[in-house]
Amino acid sequence: MRHSLSPFRRGAVAVTGGVLTPALAGLNSPEGAASYGTPTIVLSADYVSGAVGATGDPVVTVTVGQSGADASALTVAASASTKSSVAGTGNVTVTGPGATRQVSVAAQGRGYTDLTLKVTRVDGRTATKTLHYAASTAVQQGPGARYFTGSSDASAAVDAGVVLAPPEGDES
């Protein structure tokens, strides 16, 4: 028995038990259906800190992508918080189009929380990353005050030639 395929749907076939069947190469999918890869999400920093009521707290750059899809079609949002009294999902703002987005967090209270950031691809599948967030109490000075965040070390310290120590018996 002779079998043929339409010239418009050529592809691999297999003969199993005398029956002509499409090979497992996606021939059963609709013509022109897109094949999307796994979405990716990369954070510029895993840890970020801020202060309650502060302006200008650090932001985290989030890079998203997915093979077979335009990055602007992907959505990024906070999907969970381990301690919403510090910062909940509603306190996370994602801005920017395309593959590079900016994530900022508005602290609600002092403490630590882990925020789950989720990228959702066009077919509904997701990928997540955890952003560790630390919040300090409200800045007490005016809005122009600087509030330093992050970490530092003494590797750039300048020797002043003087050692300052508390008087003996007064280590408080």
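Residues numbered from 1 in each chain as written. Predicted model: local features only at pLDDT ≥ 70, side-chain atom pairs only at ≥ 80, totals over all residues. Heavy atoms only, no water.

Q: Can you explain the side chain of Arg 121? Please cite residues and give values.
A: Among the secondary structure elements, Arg 121 is positioned in the loop between β9 (111-120) and β10 (126-136). Owing to a relative accessible area of 5%, Arg 121 belongs among the buried residues under this scheme. There is a polar contact of 2.4 Å between the side chain of Arg 121 and the side chain of Asp 123. In this structure, Arg 121 is in contact with Tyr 36, Gly 37, Thr 38, Pro 39, Gln 66 and Leu 74, ignoring residues within four places of it in sequence. (Helix = DSSP H or I, 4+ residues; strand = E, 2+ residues; numbered from the N terminus. Buried < 20%, exposed > 50% of the residue type's maximum accessible area, 1.4 Å probe, protein only. Polar contact = N/O pair within 3.5 Å; in protein donor to acceptor, adjacent residues only side chain to side chain. Contact = heavy atoms within 4.5 Å.)

Q: Can you explain the sheet that holds β9? Please cite residues and give values.
A: Spatially, β4-β10-β9-β6 is the arrangement adopted by the four strands of the open sheet, whose pairing is mixed. With one partner strand each, in any of the chains shown, β4 (47-51) and β6 (75-81) form the two edges of the open sheet. The average angle at which neighbouring strand axes cross in this sheet is 35 degrees, direction not considered. In this structure, β4 lies alongside β10, joined through five bridges in parallel fashion. By the bridge assignment for β10, Tyr 47 is matched with His 132. (Pairing = 2+ DSSP bridges. Axes fitted to C-alpha atoms, helices over the stretch in contact; angles between N-to-C directions.)

Q: Run through the side chain of Asn 91, naming residues and quoting values.
A: Its place among the elements puts Asn 91 in the loop between β6 and β7 (92-95). Each residue touching Asn 91, except ones within four places of it in the same chain, is listed here: Ser 104, Val 105, Ala 106 and Gln 108.

Q: So what about the nonpolar core? Which residues, and what values?
A: Here is a general trend for soluble globular proteins: nonpolar side chains tend to be buried in one another's company. In terms of nonpolar packing, the biggest core is built from 22 residues, with Leu 117, Leu 131 and Tyr 133 touching the most fellow members. Of all the secondary-structure elements, those providing two or more residues to this core are β3 (40-43), β5 (60-65), β6, β8 (100-105), β9 and β10. With four residues, β10 is the single largest residue contributor to this core. (Core = buried A, V, L, I, M, F, W, Y, C linked by side-chain atoms within 4.5 Å.)

Q: Can you break down the confidence of the model for the protein chain residue by residue, with the values?
A: Per-chain confidence: the protein chain averages 77 in pLDDT, with 62% of residues scoring 70 or above. Every residue in residues 1-17 scores below 50 in pLDDT, and together they form 23 contacts with partners more than four places removed in sequence or on other chains. Residue range residues 19-33 is modelled with pLDDT below 50. Its contacts to residues more than four positions away, or to other chains, number 22 contacts. (pLDDT = per-residue confidence, 0-100.)

Q: Describe the environment of Asp 46, listing the residues and the values that go with them.
A: Following the sequence through the fold, Asp 46 ends up in the loop between β3 and β4. Relative accessible area serves as the criterion here: at 44%, Asp 46 is assigned to the partly exposed category. It is 5.2 Å that separates the C-alpha atoms of Asp 46 and Leu 131, two residues lying 85 residues apart in sequence. The contact partners of Asp 46, leaving out residues within four places of it in the chain, are Thr 130, Leu 131 and His 132.

Q: How would you sum up the sheet that holds β8? Please name residues and give values.
A: On the basis of which strands lie adjacent, the open sheet formed by four strands has the order β3-β5-β8-β7 and antiparallel pairing. In this open sheet, the two edge strands, each paired with only one partner strand, are β3 and β7. Ignoring which end each strand starts from, the neighbouring axes of this sheet average 25 degrees apart.

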